[in-house]
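Working through the structure, step by step
The primary structure of each chain is shown beneath.
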Amino acid sequence: MKRFNHLYHQICSFENILKASKKARLGKRLQDTVAGFEFNLESEITRLSHELITKSYRPGPYREFHIVEPKKRMISAAPYRDRVVHHALCSIIEPIFDKTFISDSYANRINKGTHKAVQRYQHFARRYSYVLKCDIKKYFPSIDHDILKSLIERKIKCKDTLWLISLILDNSNTQEGVMDYYLGDTLFTPLERRKGLPMGNLTSQFFANIYLDKLDHFVKENLRSKAYVRYVDDFVLFGVDKKGLWKNFKQIGTFLDSLRLTMHKKKSMVYPVKNGVGFLGHKVFPDYKLLNHGNVIRFRRKLKKMNKDYLQGNIPLEHVSRSIQGWVAHASFSNTYRLRKKNIRRVCVLIIKMVTMTFNTYGVGFICSNKTYKYGTPTELINKIITFHKRKSRRDWIFIEKISNVPNSVGVKQRETRNGKFIFSDLYSNHDHIT
């Protein structure tokens, strides 16, 4: 196997760190730490490059917080300058490893992702009768550092690059304890071995792909499975009979022991593909796909919370708009026209309530793609929106906007919109407008 050397000078170069900072700041430019780094961009990059070259660079402490949906997890956020280093490292070594990954590995790779993984699943579901759905128990907290380093060393020969990778791994924060025993372990082995990657790091996502690359090749080359899809620790195998898939399940479990990983027995099961199987947030059938019920429930809860936060002045109306746009785009990937049509009234009521309660307006209006303006009382407007939405049955309104400058007596600012987008706008009287 070819091993790569002389990579460290590319990682430490000013140009590479500058590109890394541009990637790291995407969507975060208004944060204090990012703004401070960008304000002194040239000096910060020069200092970071010098620290890497002299090996005086030391990662900072992680900021930890928990999320509870869809399940409780600890997220670890590295300091911004450390995230820049992560991007600089991955931009050089990721192409080396990506060439060795199989095409059916879809996590954290260019031109891949959850949607393409679901499409690939559906492609196989039309050709096979059964699917073995597998899940690895506590994957990120279980990743063994020594095994991961040995896998990286199979491709990377540069000692300085390996030093940086070890520095990032060894300075990661403590993860959830996993007390699993494997062949040859003593009583204290699970405590003595360093394991766990912080969820939230770019390097963690990349290293997680490297760690299970051996599994991908085992399934493809040893088990001879032609129908296999993996996204991080969720993977599926397709077959024509249950017996063969359960045999594969045992073989995969034995192989994972060598990586000190354990299959989640309650979440790993063989299903008929015709019944539909939950995969990456969707319930996938051979000919169509639906959104998971839990996703819909979480969206409705989030919408109510955003309504409350907006009325209290904690978030701007634009934040509500972006959140709704994101969910509609995600839901549109599945066959969810009736679901989106059913939820439009719920969203309209909340938005109208938000606008009328906040600004004490006569009503609210919306502008659609043909520049038709509709306004009236909240109740009248809901009916008009629903009627218009039925006429444009294959389109979804997904944008909300506040008006600050109100012309003439009607109090409406006309504005062009893209095809199929509706814009909600505040309608003020001449006496209520905001300058």
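In this text, all values refer to a predicted model and were calculated from it rather than measured experimentally. (Residues numbered from 1 in each chain as written. Predicted model: local features only at pLDDT ≥ 70, side-chain atom pairs only at ≥ 80, totals over all residues. Heavy atoms only, no water.)

1. Concerning a nonpolar patch on the surface
The grouping of Met-179, Tyr-181, Leu-187, Phe-188 and Leu-191 at the surface amounts to a nonpolar patch, some 570 Å² of accessible area in total. With respect to the secondary-structure elements, Leu-187 resides in the loop between α9 (159-170) and α10 (189-192). On the basis of relative accessible area, Leu-187 is assigned to the exposed category, the value being 59%. (Patch = residues over 30% accessible without salt bridge, like charges linked within 9 Å, V, L, I, M, F, W, Y side chains within 5 Å. Areas by Shrake-Rupley, 256 points an atom, 1.4 Å probe, with all protein chains shown as cover. Salt bridge = Lys/Arg side-chain N within 4 Å of Asp/Glu carboxyl O. Helix = DSSP H or I, 4+ residues; strand = E, 2+ residues; numbered from the N terminus. Buried < 20%, exposed > 50% of the residue type's maximum accessible area, 1.4 Å probe, protein only.)

2. With respect to the pattern of salt bridges
This model, assessed by the stated rule, comprises 16 salt bridges. The shortest N-O distance in the salt bridge between Glu-44 and Arg-47 comes to 3.1 Å. Of this pair, Glu-44 and Arg-47 both sit in helix α4 (residues 41-54), separated by three residues, roughly a single helical turn. As a salt-bridge pair, Asp-104 and Arg-120 come within 2.9 Å of each other at their nearest N and O atoms. Of the two residues, Asp-104 sits in the loop between α5 (80-98) and α6 (114-125) while Arg-120 sits in helix α6, which places them 16 residues apart along the sequence. Assessed through its relative accessible area of 3%, Asp-104 is described here as buried. Here the salt bridges share partners, and the residues they tie into one network are Glu-44, Arg-47, Glu-51 and Arg-81.

3. Details of the side chain of Ser-268
Inspection of the secondary structure assignment puts Ser-268 in the loop between α13 (242-257) and β6 (269-272). Among the polar contacts listed, one links the side chain of Ser-268 to the backbone nitrogen of Asp-135, at a separation of 3.3 Å. Among the polar contacts listed, one links the side chain of Ser-268 to the backbone oxygen of His-264, at a separation of 2.8 Å. Excluding anything up to four places from it in sequence, Ser-268 contacts Lys-133, Cys-134, Asp-135, Trp-246, Phe-249 and Met-263. (Polar contact = N/O pair within 3.5 Å; in protein donor to acceptor, adjacent residues only side chain to side chain. Contact = heavy atoms within 4.5 Å.)

4. Concerning the sheet that holds strand β9 (residues 289-291)
Taken in spatial order, the three strands make up an open sheet running β7-β8-β9, and their pairing is antiparallel. Of all strands in the sheet, those bounded by a partner on one side alone are β7 (277-279) and β9. Sheet twist, expressed as the average angle between the axes of neighbouring strands with direction ignored, equals 30°. Here β7 runs beside strand β8 (residues 282-284); their pairing, made up of three bridges, is antiparallel. Bridging across to β8, Val-277 finds its partner in Val-284. α6 contacts β7, β8 and β9 of the sheet and is inclined by roughly 20° relative to β8. (Pairing = 2+ DSSP bridges. Axes fitted to C-alpha atoms, helices over the stretch in contact; angles between N-to-C directions.)

5. Some points on the side chain of Lys-155
Examined against the element boundaries, Lys-155 turns out to sit in the loop between α8 (145-153) and α9. An unpaired buried charge is present at Lys-155: no salt bridge exists, and Asp-213, the closest side chain of opposite charge, is 8.8 Å distant. In this structure Lys-155 touches Met-1, Lys-2, Arg-3, Phe-4, Ile-96, Phe-97 and Thr-100, once residues within four positions along its chain are discounted. (Lys, Arg positive; Asp, Glu negative; His and termini not counted.)

6. Examining the packing of helix α3 (residues 32-39) against α4
Between two packed helices, what matters for the description is the angle formed by their axes and the separation of those axes. At a minimum axis distance of 5 Å, the contact between α3 and α4 shows a crossing angle of 90°. Here α3 is positioned roughly perpendicular relative to α4, judged by the angle of their axes. Across the interface between the two elements, Phe-37, Glu-38 and Phe-39 from α3 touch Leu-41, Glu-44 and Ile-45 from α4. Considered class by class, the residues forming the contact of α3 with α4 number four nonpolar, no polar and two charged. (Parallel < 35°, antiparallel > 145°, perpendicular 65-115°, else oblique. Nonpolar A, V, L, I, M, F, W, Y, C, P; charged D, E, K, R; others polar.)

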